Amino acid sequence: MKKNNIVLIGFMGSGKTSNGIALSYKLKKPFLDTDHRIEQLEKCKISELFENRGEAYFRDAETECLKKLLEDTDDSIISVGGGTPLREENRLLLRKLGYVVYLRVRPETVMARLKGDTTRPLLQGEDPEGRIRSLMESRKEAYEDAADIILDMDDYKNREGVNAIVRAVNEYRTKEN
Ligand code: S3P
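Cut-offs and rules
- Residues numbered from 1 in each chain as written.
- Predicted model: local features only at pLDDT ≥ 70, side-chain atom pairs only at ≥ 80, totals over all residues.
- Heavy atoms only, no water.
- Phe/Tyr/Trp six-rings, centres within 6.5 Å; stacked < 30°, edge-to-face > 60°.
- Helix = DSSP H or I, 4+ residues; strand = E, 2+ residues; numbered from the N terminus.
- Buried < 20%, exposed > 50% of the residue type's maximum accessible area, 1.4 Å probe, protein only.
- Lys NZ or Arg CZ within 6 Å of the ring centre and 35° of its normal.
- Axes fitted to C-alpha atoms, helices over the stretch in contact; angles between N-to-C directions.
- Parallel < 35°, antiparallel > 145°, perpendicular 65-115°, else oblique.
- Left-handed = near helix turned anticlockwise from the far one by under 90°.
- Contact = heavy atoms within 4.5 Å.
- Nonpolar A, V, L, I, M, F, W, Y, C, P; charged D, E, K, R; others polar.
- Pairing = 2+ DSSP bridges.
- Near = heavy atom within 4 Å.
- Polar contact = N/O pair within 3.5 Å; in protein donor to acceptor, adjacent residues only side chain to side chain.
- Areas by Shrake-Rupley, 256 points an atom, 1.4 Å probe, with all protein chains shown as cover.
- Salt bridge = Lys/Arg side-chain N within 4 Å of Asp/Glu carboxyl O.

The subject of this paragraph is the packing of aromatic side chains. Scanning the entire structure with this criterion turns up three aromatic pairs. Summarising the aromatic geometry, the rings of Y102 and Y143 are spaced 5.1 Å apart at their centres and angled 40 degrees between planes, so their arrangement reads as tilted. Note that Y102 is positioned in strand β4 (residues 98-104) and Y143 in helix α7 (residues 128-146), a separation of 41 residues in sequence. Relative accessible area serves as the criterion here: at 7%, Y102 is assigned to the buried category. The ring centre of Y57 lies 4.2 Å from the NZ or CZ of R53, which sits over that ring.

The following block contains the structure:
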């Protein structure tokens, strides 16, 4: 049995945080972001955590964060880091946590949105475009496997994306009953 959260997954720059905040206003539910939680807990930025403790440490922190949310969070909007669905254990946790919505976007959308971004350690270095394309391709299956609902978000303007998420979750809930 699922908890009654809406969980947003998707690649970096797919709009998990911005849509999550907008959803939280629209539905009058709290908004939680796992990256933000980890930063608070570890008292440092994700980029520093990658640098000082390594990616594996961060991935363990993500799994711990999901377990904690499963214990103490319901009726909320949750956004998770772009790599969270990669672990099978996390995919199970995500599905228990609520209605998992995959915000799917094209690589071009991510490139336009994250141009010049310095906060994503996985996209720093020589060829961010190639990195985005190859990471996206390698993650496709995990995102699709974790998702209850898949939405193509590239062409939505303003609030259209949020409205599409609400509509899709309501339809999913209706079918489920
Ligand atoms: C990551 C995505 C980031 C953050 C970390 C790793 C990833 O979150 O968790 O930099 O592996 O895709 P956003 O998806 O919110 O950018």
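With that settled, the discussion passes to the packing of helix α5 (residues 88-97) against α7. At a minimum axis distance of 9 Å, the contact between α5 and α7 shows a crossing angle of 30 degrees. By the criterion of interaxial angle, the relationship of α5 to α7 is roughly parallel. Both α5 and α7 take part in a crossing whose hand is right-handed. Contacts between α5 and α7 pair R91, L94 and R95 from the former with A142, D145 and A146 from the latter. Across the contact of α5 with α7, the residue classes break down as three nonpolar, no polar and three charged.

As summarised here, the arrangement of the five strands in space is β2-β3-β1-β4-β5, forming an open sheet in which the pairing is parallel. The sheet terminates laterally at β2 (31-33) and β5 (149-152), the two strands that pair on one side only. On average, each strand axis in the sheet is tilted by 25 degrees relative to the strand beside it, whichever way the strands run. Note: strand β1 (residues 5-9) against strand β3 (residues 77-79), three bridges, orientation parallel. By the bridge assignment for β3, L8 is matched with S79. Relative to the sheet, helix α1 (residues 16-27) contacts β1, β2, β3 and β4, its axis offset from that of β1 by approximately 160 degrees.

To continue, consider the site of the ligand. Near the ligand there are 13 residues, and of these K16, D35, R59, R120 and R139 occur at the shortest range. In this structure, an oxygen atom belonging to the ligand sits 2.7 Å away from a side-chain N or O atom of K16. Here G83 contributes a backbone N or O atom positioned 3.2 Å from an oxygen atom of the ligand. The fraction of the free accessible surface of the ligand (390 Å²) that becomes covered by protein chains is 95%. A breakdown of the residues in the shell around the ligand according to their chemical character gives five nonpolar, three polar and five charged.

Our focus in this paragraph is the packing of helix α3 (residues 46-53) against helix α4 (residues 55-72). Running from amino to carboxyl end, α3 crosses α4 at an angle of 125 degrees, the nearest separation of the two axes being 7 Å. Here α3 lies oblique to α4, going by the angle between them. For the pair α3 and α4, contact is made by I46, L49, F50 and R53 and by E55, Y57, F58 and R59, respectively. Broken down by class, the residue content of the contact of α3 with α4 amounts to five nonpolar, no polar and three charged.

What follows concerns the pattern of salt bridges. If you walk through the whole model with that rule in mind, you get 18 salt bridges. In this structure, the salt-bridge partner of R91 is D145, at a minimum N-O distance of 2.7 Å. Of the two residues, R91 sits in helix α5 while D145 sits in helix α7, which places them 54 residues apart along the sequence. Linked through salt bridges whose partners overlap, the residues forming this network are R104, K140, E144 and D152.

The next point concerns the side chain of N90. Structurally, the position occupied by N90 is in helix α5. According to the relative accessible area criterion, N90 is buried, its value standing at 1%. Excluding anything up to four places from it in sequence, N90 contacts T63, L66 and T84.

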